[in-house]
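Below are the chains, spelled out letter by letter.
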Number of protein chains: 2
Amino acid sequence: MIDIEKYKIAEKHMLDEDTIFNVSNLYKVFSDETRLKILNSLLSTELCVYDIAELLNMTHSSISHQLKILRDMKLVKARKDGKIAYYSLIDDHIEKIIKIGVEHINEL
Amino acid sequence: MIDIEKYKIAEKHMLDEDTIFNVSNLYKVFSDETRLKILNSLLSTELCVYDIAELLNMTHSSISHQLKILRDMKLVKARKDGKIAYYSLIDDHIEKIIKIGVEHINEL
DNA sequence: AATATATATGAATATATATTCATATGGAGA
DNA sequence: TCTCCATATGAATATATATTCATATATATT
């Protein structure tokens, strides 16, 4: 131990392991360009898999895999209309998180 | 194209590739448990490498590697006092980002 | 019923990266 | 100067994961 006072202050403010795990997992979602593009596009409107794939110029499979991750993380939900699945955002924090990120990089 | 109207709305709101790249890189920092713990501990006080390693119960090498990433991302800075390097946060957004993350997972 | 279409998903591959180990650097004290 | 000590860093390894490819499912259309 080099600086006991500072160590103790920091120790007191430590987050528990579960919180760290969950928050890091949340930000893992935003750390992938494809998922970030999907989430950002869903800020403006609901979209189907096909159109997201066109919009991002990627395969449907790839988009579908990422949407599954977003569903599992409870960030998006799907509304089925016949064979079309319209995806939309569940969570209010998504917009805030993207905005703070953009704000941050614009200040560099 | 399945739903032209929605497609066009989303197309208009697309972020440019650079922004997506930079924001996803920013959140990649927060997606690792070790870096998240380091950043969170630095919210309360500056800390040296040795004490961070003790606090997180990890090797100095590992912490040092992660601190380099945080330095390169301009999120932390080091103040040298003799052979001791005291690290502190550069950026205001770090606190907001951690808080929104914690808020989000607490609401699930 | 048969076919086409939109989406979902399992497995494989390729790539990224966190940690470890070995070693280097640079300051403090004997 | 020699040697501890705190930190930094390069290389190797192990692990995680994004995309691709093949295939499955489910609805719509003929």
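As the structure is a computational prediction, the values presented were derived from the model and not from experiment. (Residues numbered from 1 in each chain as written. Chains lettered and ligands numbered in written order. Predicted model: local features only at pLDDT ≥ 70, side-chain atom pairs only at ≥ 80, totals over all residues. Heavy atoms only, no water.)

Caption draft 1: Structural detail: helix 5 (residues 60-72) of chain A. All names here are of chain A. The end-to-end C-alpha distance of helix 5 is 18 Å, a good match for the 18 Å that 13 residues give at a rise of 1.5 Å each. Along helix 5, the positions that sit buried rather than exposed are Ile63, Gln66, Leu67 and Leu70. The arc that holds the buried residues of helix 5, viewed along the axis, is 105°, so those residues lie on one side. Turning to helix 5, the residues buried within the fold contact helix 2 (17-30), helix 3 (33-42), helix 4 (49-56), strand 2 (76-81) and strand 3 (84-89). Just downstream of helix 5 lies Lys74, where phi reads positive at about 60°. (Helix = DSSP H or I, 4+ residues; strand = E, 2+ residues; numbered from the N terminus. Expected span 1.5 Å × (residues − 1). Buried < 20%, exposed > 50% of the residue type's maximum accessible area, 1.4 Å probe, protein only. Arc of directions from axis to C-beta. Contact = heavy atoms within 4.5 Å.)

Caption draft 2: Here's a closer look at the relation of the copies chain A and chain B. By a simple turn and slide, chain A fits onto chain B: the slide is 0.0 Å along the axis, the RMSD is 0.0 Å, and the turn is 180°. Expressed as an axis order, the relation between the two copies is that of a two-fold axis. Closest approach to the rotation axis within chain A is made by the C-alpha atom of Tyr27 of chain A, at a distance of 2.8 Å. A shared binding surface is used by both copies, with 100% of the interface residues of chain A retained as interface residues in chain B. (Least-squares fit on C-alpha atoms with pLDDT ≥ 70 in both.)

These figures come from the coordinates and say nothing about function on their own.
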